[in-house]
Amino acid sequence: VQLQASGGGLVQVGGSLKLSCAASGRTFSDYGTGWFRQAPGKEREVVAGISRTGGSTKYADSVKGRFTISRDNAKNTVYLQMNSLKPEDTAVYYCAAERLLSSATVRWSTNYAYWGQGTQVTVSS
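Conventions used here
- Residues numbered from 1 in each chain as written.
- Predicted model: local features only at pLDDT ≥ 70, side-chain atom pairs only at ≥ 80, totals over all residues.
- Heavy atoms only, no water.
- Helix = DSSP H or I, 4+ residues; strand = E, 2+ residues; numbered from the N terminus.
- Rg over C-alpha atoms; globule rule 2.2 N^0.38 Å.
- Buried < 20%, exposed > 50% of the residue type's maximum accessible area, 1.4 Å probe, protein only.
- Contact = heavy atoms within 4.5 Å.
- Pairing = 2+ DSSP bridges.
- Disulfide = S-S within 2.5 Å.
- Axes fitted to C-alpha atoms, helices over the stretch in contact; angles between N-to-C directions.
- Polar contact = N/O pair within 3.5 Å; in protein donor to acceptor, adjacent residues only side chain to side chain.
- Core = buried A, V, L, I, M, F, W, Y, C linked by side-chain atoms within 4.5 Å.

This part takes up the overall build of the protein. Counting its secondary structure elements, the protein contains 0 helices and 11 strands. Reading the helices (α) and strands (β) of the protein from amino to carboxyl end gives β-β-β-β-β-β-β-β-β-β-β. Against the compact-globule benchmark of 14 Å for 125 residues, the protein has a radius of gyration of 13 Å, which places it among compact chains. The principal-axis extent of the C-alpha atoms belonging to the protein is close to 40 × 25 × 25 Å. A buried classification covers 43% of the 125 residues belonging to the protein. Considering only intrachain contacts with a sequence separation of at least 6, the fraction spanning at least 24 residues in the protein is 60%.

Here we take up the pairing of strand β11 (residues 119-124). Alternating residues of β11 divide into Thr119, Val121 and Val123, all buried, and Gln120, Thr122 and Ser124, none buried. Two strands pair when backbone bridges link them, and strand β2 (residues 9-12) and β11 are joined in this way by 4 bridges, in the parallel orientation. When the bridges of β11 are listed, Gly9 appears paired with Val121. Alignment of strand β9 (residues 91-99) against β11, held across 3 bridges, turns out to be antiparallel. Bridge pairing links Tyr93 to Thr119 in β11.

A few words on the state of the cysteines. If you walk through the whole model with that rule in mind, you get 1 disulfide. The side chain of Cys21 participates in a disulfide bridge whose partner is Cys95; the two sulfur atoms lie 2.1 Å from each other. Note on the Cys21 and Cys95 pair: the S-S dihedral is about 65°, so by sign convention the disulfide is right-handed. Of this pair, Cys21 sits in strand β3 (residues 17-24) while Cys95 is found in strand β9, placing the two residues 74 residues apart along the sequence. Taken as a pair, Cys21 and Cys95 share a single burial class, namely buried.

Before going further, it helps to examine the sheet that holds strand β1 (residues 2-6). Spatial strand order, β1-β3-β8-β7: 4 strands in an open sheet with antiparallel pairing. Both outer strands of the open sheet, β1 and β7 (67-72), are each paired with one neighbouring strand and no more. The sheet shows a mean angle of 15° between the axes of neighbouring strands, taken without regard to direction.

This part takes up the environment of Gln2. If you trace the backbone, Gln2 turns up in strand β1. Distance from Gln2 to Gly116, taken between C-alpha atoms, is 7.1 Å for residues 114 residues apart in sequence.

Okay, the environment of Trp115 next. For Trp115, the position within the fold is in strand β10 (residues 114-115). Separated by 21 residues in the primary sequence, Trp115 and Tyr94 have C-alpha atoms spaced 7.0 Å apart. Those residues in contact with Trp115 that lie beyond four places of it in its chain are Leu3, Phe36, Arg44, Tyr94, Cys95, Ala96 and Thr110. Polar contacts involving the side chain of Trp115 include one to the main-chain carbonyl oxygen of Tyr112, which spans 2.9 Å.

This part is about the nonpolar core. In this structure, Trp35, Phe67, Ile69, Leu80, Met82 and Tyr93 are the most contacted members of the largest nonpolar core, which totals 30 residues. Taken together, the elements giving at least two residues each to this core come down to β1, β3, β4 (31-38), β5 (45-50), β7, β8 (77-82), β9 and β11.

If you want it as structure tokens, here you go:
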């Protein structure tokens, strides 16, 4: 599956952005997906994950209550709505997908087979 992330940009503290990740090449509903970020000098971290059907989601504590992951399997797209952005949210954001047998599983790791190219999010104070 090929993934194309978009929607990043420069936003002020407290602002919002919505990232999109469009998938192609396989049956998207066979894949659990996630959003990740990597700030300069730091390791890549999981931000949010969502199951194949969208019925299960999980968030890092640092974004819980501010970010929402969702997906539209008819459009082969997964989204990350980011609200109340903080300077520490500044990073390159990546989407990833992994083929999963269970429709309810959220893979909570960076061990994903397919990755998008990343989109920069910068939160200015």
